[in-house]
Amino acid sequence: SAAARTGARAALITPAHQFPLGAALAPGRRDAIVRWARAHDAVLIEDDYDAEFRYDRRPVAALQGLAPERIVLIGSLSKSMAPGFGLGWAVMPSSLRERVRLADTARPSTIEQAALAAFIESGDLERHLRAARGRFRRRRTVLLEAIARELPGLPVTGIAAGMHAVLGLPPGIRATDAAAAAARYDVAVSDLTRYRVSASAGTTESLVLGYGNLSDALVDESVARLAAGIRSLA
Ligand SMILES: Cc1ncc(COP(=O)(O)O)c(C=O)c1O
């Protein structure tokens, strides 16, 4: 009903995993947003971001299958392979296809597209994703155990999918200060308030911890350093 009040005719959504809060769209809300789109003749742009990296259950199918006539599905290899590939895709209703211009028609090159097609057809992409999902799931477990040990009681959310977690801070500690303290201990974390649309938007004091690019061998030490940074503010 909030969407209906806006009068909008399109919405950009990330049902598989939201950045930065990390929520995955609940089943009831998946149905509700499709009902809204049908009722208002609206288009949904589904950014299928992090869909391959779901840990608490099997990966959830894209919403696009529920209403292919009004959902544009977009995805890329940025998370599953590497951002440098610059390879992505859009699946859209034929009514829109003529009207959508590709932002960069020079990339990816035909050779890269052919290589990706061969990679998919051989089953190698699927095998790579299965192995990567296992690796990230294990790293996530080690990270959560280290947080429970070093920073007991602090809430960790947004971890159902993807490669980041949101860590709530103890009362009285501001996220900006905690991120600066972590940097003094050589740990780079983001302050959740950086992602606010406006300063008046409500937020809790939290840190965004990315673990996609964190070496397995350094997880424990990184969390110990982060904890030392946070304790230095108490
Ligand atoms: C919400 C969201 N969607 C998609 C992506 C991937 O973007 P791209 O495919 O342009 O690299 C990101 C990057 O991490 C993201 O945060």
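Residues numbered from 1 in each chain as written. Predicted model: local features only at pLDDT ≥ 70, side-chain atom pairs only at ≥ 80, totals over all residues. Heavy atoms only, no water.

> Help me understand empty space enclosed by the protein, please; the structure alone is not making it clear to me.
A complete count under the given rule lists one cavity of 30 Å³ or more for this structure. Roughly 60 Å³ of volume is contained in the largest cavity. (1 Å grid on protein atoms, 1.4 Å probe; cavity = no way out; pocket = protein on both sides within 12 Å on 5 of 7 lines; lining within 4 Å. Points joined across faces, edges and corners; volume = space filled by probe spheres on them.)

> Looking at this structure, I do not really get the sheet that holds strand β5 (residues 156-157). What am I missing?
In sheet architecture, strand pairing relies on hydrogen bonds along the backbone and comes in two forms, parallel and antiparallel. Read across the open sheet, the four strands follow the order β5-β6-β8-β7; overall the sheet is antiparallel. Lying at the two open borders of the sheet, with one neighbouring strand each, are β5 and β7 (190-191). Docked against the sheet, helix α6 (residues 175-184) engages β7 and β8 (206-210), running at close to 40° with respect to β8. (Pairing = 2+ DSSP bridges. Helix = DSSP H or I, 4+ residues; strand = E, 2+ residues; numbered from the N terminus. Contact = heavy atoms within 4.5 Å. Axes fitted to C-alpha atoms, helices over the stretch in contact; angles between N-to-C directions.)

> When you look at helix α5 (residues 124-150) in this model, what are you seeing that I'm missing?
Note: α-helices contain 3.6 residues per turn, so residues at a spacing of three or four share the same orientation. In this model, α5 (27 residues) spans 39 Å end to end at C-alpha, consistent with the 39 Å of a helix rising 1.5 Å per residue. Three or more residues of α5 are buried, namely L125, L129, A132, R133, G134, F136, R139, R140, L143, A146 and I147. Buried-residue contacts for α5 involve α4 (110-121), β5, β6 (164-168), β8 and α7 (219-231). (Expected span 1.5 Å × (residues − 1). Buried < 20%, exposed > 50% of the residue type's maximum accessible area, 1.4 Å probe, protein only.)

> Where do I start with the environment of R29 in this structure?
Take R29: it is sitting in helix α2 (residues 27-39). Take R29: its relative accessible area is 59%, and that puts it in the exposed class. Through-space distance from the C-alpha of R29 to that of D47 is 16 Å; in sequence the pair is 18 residues apart.

> Is there a simple way to explain the layout of surface pockets in this structure?
Over the atoms rolls a probe the size of a water molecule, and in doing so it shows where empty space is left. A volume near 490 Å³ is recorded for the second largest pocket. As for the second largest pocket, its lining consists of 19 residues, and the residues nearest its centre are I13, L25, R29, A32 and I33. For the lining of the second largest pocket, the secondary structure elements donating two or more residues are α1 (2-6), β1 (10-13) and α2. No other element matches the four residues that α2 contributes to the lining of the second largest pocket.

> Before we go on, may I ask you to explain the sheet that holds β1 in this structure?
Strand order in the open sheet formed by four strands is β1-β2-β3-β4, and the pairing between neighbours is mixed. Two strands bound the open sheet, and with one partner strand each, they are β1 and β4 (88-91). The mean inter-strand angle of the sheet, taken between neighbouring strand axes irrespective of direction, is 15°. Relative to β4, strand β3 (residues 71-76) runs antiparallel, the two sharing four bridges. Each residue of the ladder has a partner; that of G75, found in β4, is W89.

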